[in-house]
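# Commentary on secondary and tertiary structure
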Amino acid sequence: RVSAERLLACGVLNAVVPEPELMDEARRWAEKFVRLPPRHVQATKALMLATRGLPGPDIQARERGVRNQLADLADSKEAVLAWMERRPPVFRGA
């Protein structure tokens, strides 16, 4: 059994909060996710589910394939442009 604090230190978790603060923390994370490019979030979730239990090299190969597919999307280009222009990105789901 691994403690939440150890998982946090290893980078497996993003935050550990007391139970009374759990919903507020979950909402903060949800607000971050809704600002991400939707197709990227969908692809990441699908990749995580599809690669569960696979060996590392297989996961990496599939991740490269997904990353290459996403690279050509308008939202990917917008992310880079927004970063270069030091402004928040405007994602359109494309």
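Above this note sits the structure.
Below, the structure is looked at part by part. (Residues numbered from 1 in each chain as written. Predicted model: local features only at pLDDT ≥ 70, side-chain atom pairs only at ≥ 80, totals over all residues. Heavy atoms only, no water.)

## Focus on the packing of helix 3 (residues 38–50) against helix 4 (residues 56–71)
Basically, it comes down to this: As a rule, the C-alpha atoms of each element are fitted with a line to give its axis, helices using only the stretch in contact, and angles between N-to-C directions run from 0 to 180 degrees. Comment: elements are numbered from the N terminus, with helices defined as DSSP H or I runs of at least four residues and strands as E runs of at least two. In this scheme, roughly parallel covers angles under 35 degrees and roughly antiparallel covers those over 145, while 65 to 115 is roughly perpendicular and the rest are oblique. By convention, the crossing between two helices is left-handed when the near helix turns anticlockwise from the far helix through less than a right angle, and right-handed when the turn is clockwise. Contacts were defined at the residue level, with two residues in contact if any of their heavy atoms lie within 4.5 Å. Here the term charged refers only to Asp, Glu, Lys and Arg, the term nonpolar to Ala, Val, Leu, Ile, Met, Phe, Trp, Tyr, Cys and Pro, and the term polar to all other amino acids, Gly among them.
Orientation of helix 3 relative to helix 4, taken along the N-to-C sense of each, is 165°, at an axis distance of 11 Å. With respect to helix 4, the element helix 3 is oriented roughly antiparallel. Crossing handedness for the pair helix 3 and helix 4: right-handed. Residues Arg39, His40, Ala43, Leu47 and Ala50 of helix 3 pack against Arg62, Glu63, Val66 and Leu70 of helix 4. For the contact of helix 3 with helix 4, the residue count by class is 5 nonpolar, 1 polar and 3 charged.

## Structural notes on the side chain of His40
Among the secondary structure elements, His40 is positioned in helix 3. His40 has contacts with Leu70, Leu73, Asp75 and Ser76, leaving out every residue within four places of it along the chain.

## Remarks on a nonpolar patch on the surface
For clarity, the cut-off: Patch criteria: residues need more than 30% relative accessible area and no salt bridge. Like-charged residues are merged within 9 Å; nonpolar side chains of Val, Leu, Ile, Met, Phe, Trp and Tyr are merged within 5 Å. Accessible surface area values rest on a Shrake-Rupley calculation with a 1.4 Å probe, where residue burial reflects the displayed protein chains alone. Put simply, a salt bridge is a Lys or Arg side-chain nitrogen that is within 4 Å of an Asp or Glu carboxyl oxygen.
A cluster of nonpolar residues, Val80, Trp83 and Met84, forms a patch on the protein surface that exposes about 390 Å² of accessible area. Considering the arrangement of structural elements, one finds Met84 in helix 5 (residues 74–84).

## Notes on the environment of Glu78
Under the convention used in this document: Under this definition, polar contacts are N or O atom pairs within 3.5 Å; protein pairs additionally need one hydrogen-donor-capable and one acceptor-capable atom, and for neighbouring residues in sequence, both atoms have to be side-chain atoms.
Residue position: Glu78 is located in helix 5. Taking C-alpha positions, Glu78 is 39 Å from Val2, a pair spaced 76 residues apart along the chain. Non-local contacts of Glu78, meaning those with residues more than four positions away in its chain, are made with Arg87, Pro88, Pro89, Val90 and Phe91. A polar side-chain atom of Glu78 sits 2.6 Å from a polar atom in the side chain of Arg87.

## Quick look at the nonpolar core
Quick note on the threshold: Nonpolar cores are built from buried Ala, Val, Leu, Ile, Met, Phe, Trp, Tyr and Cys residues. Side-chain atoms within 4.5 Å join them into one set. Burial classification: accessible surface area is computed with a 1.4 Å probe over protein chains only, and a residue below 20% of its type maximum counts as buried, one above 50% as exposed, and the rest as partly exposed.
Core analysis: the largest hydrophobic core is formed by 5 residues, namely Ala43, Leu47, Val66, Leu70 and Leu73. Going through the elements one at a time, helix 3 and helix 4 are the ones with two or more residues in this core. If near-sequence neighbours (up to four positions away) are discounted, Val66 is found in contact with Ala43 and Leu47.

## Comments concerning the pattern of salt bridges
This model, assessed by the stated rule, comprises 5 salt bridges. Between Arg28 and Glu25 there is a salt bridge, with its nearest N and O atoms 2.7 Å apart. Residue Arg28 and its partner Glu25 are located together in helix 2 (residues 22–33), separated by 3 residues, close to a single helical turn. We note a salt bridge from Arg87 to Glu85, for which the minimum N-O separation is 2.6 Å. With a relative accessible area of 29%, Arg87 lands in the partly exposed category.

## Points about unusual backbone geometry
Backbone geometry at Arg86 places phi at a positive 55°, although glycine is not the residue there. Mapping Arg86 onto the fold places it in the segment after helix 5. Residue Arg86 is classed as exposed on the basis of its relative accessible area of 73%.

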